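Summary of structural features
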Amino acid sequence: YQVGLAVTGLGKQVQWPQAHQYLLGWCVKAFFIPLMTGYALKDIRWFLSVDILAELQRPGGYYFLANRIVFFIDVVFASVGYLCALRLIGSHIRSTEPTVLGWLVCIICYEPFWAPLSRNFFAYEEGYYWDDWLAGYPIAWVFWSLSILLCLVVYVWMSITFGISFSNLTNRGILTNGPYRWLKHPHYVSKNISWWLISVPFLTNQSPAVAVRNCLLLAGVNVIYYLRAKTEERHLSRDPAYVEYSNWIESNGLYAILRRSGFQLWQKN
């Protein structure tokens, strides 16, 4: 309605903050809809062409197939979420991230920005991964792969919990169930832990200095996601429901439980 007023020449009646938020919401959809649907269609083509049984029969096939399935589920829910931002079904955008920093730390994590950024500034991978490290230790290989998959399951659980309200850079309702019952940012935490488990940057065929460098570069990626979390919190804190949820998590979330457990253990000792 506000944009309609502006288009029809009734600019004096426009509530520009509302129009600005509306246009920002469309910018979010314009960026993420083609990106996520493109990923989803690429995965669909892969699943239609791959021999699932052959994949499962090769060494470690369960891990590589499960990894692909997890991210396929993620991008499908993301695609549906961006396409279904509708007030009619209660999944509309309440507000959009208003700051340049919030937008910047979010969109640089996606193509076409992430490939050149990671290649030139965050190249923490050197082609030596966890499966190379544990190739001669099948039991450790299985446990390590299950640890990675556990992180990815938590990550995709988040996407499923969002349902049709999945979206970056927007408030489309405050979630308090699923993994959000224990953490404010389970998707970022699980994703970043999985990267450490996959790339094992602390191991290298080169010098210890290279290992330190790789760890620092991956820590730089972690900092980006930390900034994403903080800018999201700042944005969502405009919603009283999020403030209430945040206060509850501070007292009852996973970190609070660990703090209390650690304190009680310290008192006993």
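One structure accompanies this document, and this report is about it. These figures come from a predicted structure and were not determined experimentally.

Next up on the list: the overall build of the protein. Check the secondary structure of the protein and you find 12 helices and 2 strands. Along its sequence from the N terminus, the protein presents helices and strands in the succession α-α-α-α-β-α-α-α-α-β-α-α-α-α. Viewed in the frame of its principal axes, the protein has a C-alpha envelope of about 70 × 60 × 35 Å. Taken over 269 residues, the protein has a buried fraction of 42%. For the protein, contacts bridging at least 24 residues in sequence account for 74% of all contacts bridging at least 6. Carbon and sulfur atoms make up 67% of the accessible area of the protein, which totals about 15,400 Å². One way to put it: in the protein the 21 positive side-chain charges average out to a point 9 Å from where the 15 negative ones average out.

So, about the nonpolar core. F32, M36, Y82, Y110, L169 and V221 are the most contacted members of the largest nonpolar core, which has 37 residues in total. Secondary structure elements with two or more residues in this core: helix 2 (16-49), helix 4 (61-83), helix 5 (100-107), helix 8 (138-162), helix 10 (208-236) and helix 11 (240-252). Aside from chain neighbours lying at most four places away, what touches Y110 is F31, F32, L35, M36, N168 and R228. In this structure, Y63, V70, W130 and L149 belong to the second largest nonpolar core, which totals 12 residues.

Attention now moves to the packing of aromatic side chains. Considering all chains together, one arrives at 22 aromatic pairs under this definition. Geometrically, the ring pair formed by Y62 and W141 is edge-to-face, given 6.2 Å between the ring centres and 75° between the ring planes. Taken together, the positions of Y62 in helix 4 and W141 in helix 8 put the pair 79 residues apart, joining distant regions of the chain. By relative accessible area, Y62 is classed as partly exposed at 32%.

This part takes up the environment of Y110. Mapped onto the fold, Y110 is located in the loop between helix 5 and helix 6 (114-121). Judged by relative accessible area, which is 13%, Y110 ranks as buried. Considering only alpha carbons, one finds Y110 and F32, 78 residues apart in sequence, at a separation of 9.2 Å.

By the element assignment, K29 lies in helix 2. Salt bridges are absent for the buried K29, whose nearest opposite-charge side chain, E97, sits at 17 Å. Setting aside its immediate chain neighbours within four residues, K29 contacts P34, Y82 and A85.

So, about helix 5. The periodicity of an α-helix, 3.6 residues per turn, causes residues three or four places apart in sequence to face the same way. Those residues of helix 5 not exposed but buried are G102, W103, V105, C106 and I107. Packing partners of the buried residues in helix 5 comprise helix 2, strand 1 (95-96) and helix 10.

Definitions and cut-offs
- Residues numbered from 1 in each chain as written.
- Predicted model: local features only at pLDDT ≥ 70, side-chain atom pairs only at ≥ 80, totals over all residues.
- Heavy atoms only, no water.
- Helix = DSSP H or I, 4+ residues; strand = E, 2+ residues; numbered from the N terminus.
- Buried < 20%, exposed > 50% of the residue type's maximum accessible area, 1.4 Å probe, protein only.
- Contact = heavy atoms within 4.5 Å.
- Areas by Shrake-Rupley, 256 points an atom, 1.4 Å probe, with all protein chains shown as cover.
- Lys, Arg positive; Asp, Glu negative; His and termini not counted.
- Charge placed at Lys NZ, Arg CZ, Asp CG, Glu CD.
- Core = buried A, V, L, I, M, F, W, Y, C linked by side-chain atoms within 4.5 Å.
- Phe/Tyr/Trp six-rings, centres within 6.5 Å; stacked < 30°, edge-to-face > 60°.
- Salt bridge = Lys/Arg side-chain N within 4 Å of Asp/Glu carboxyl O.

Geometric descriptors of this kind do not, in isolation, establish any biological role.
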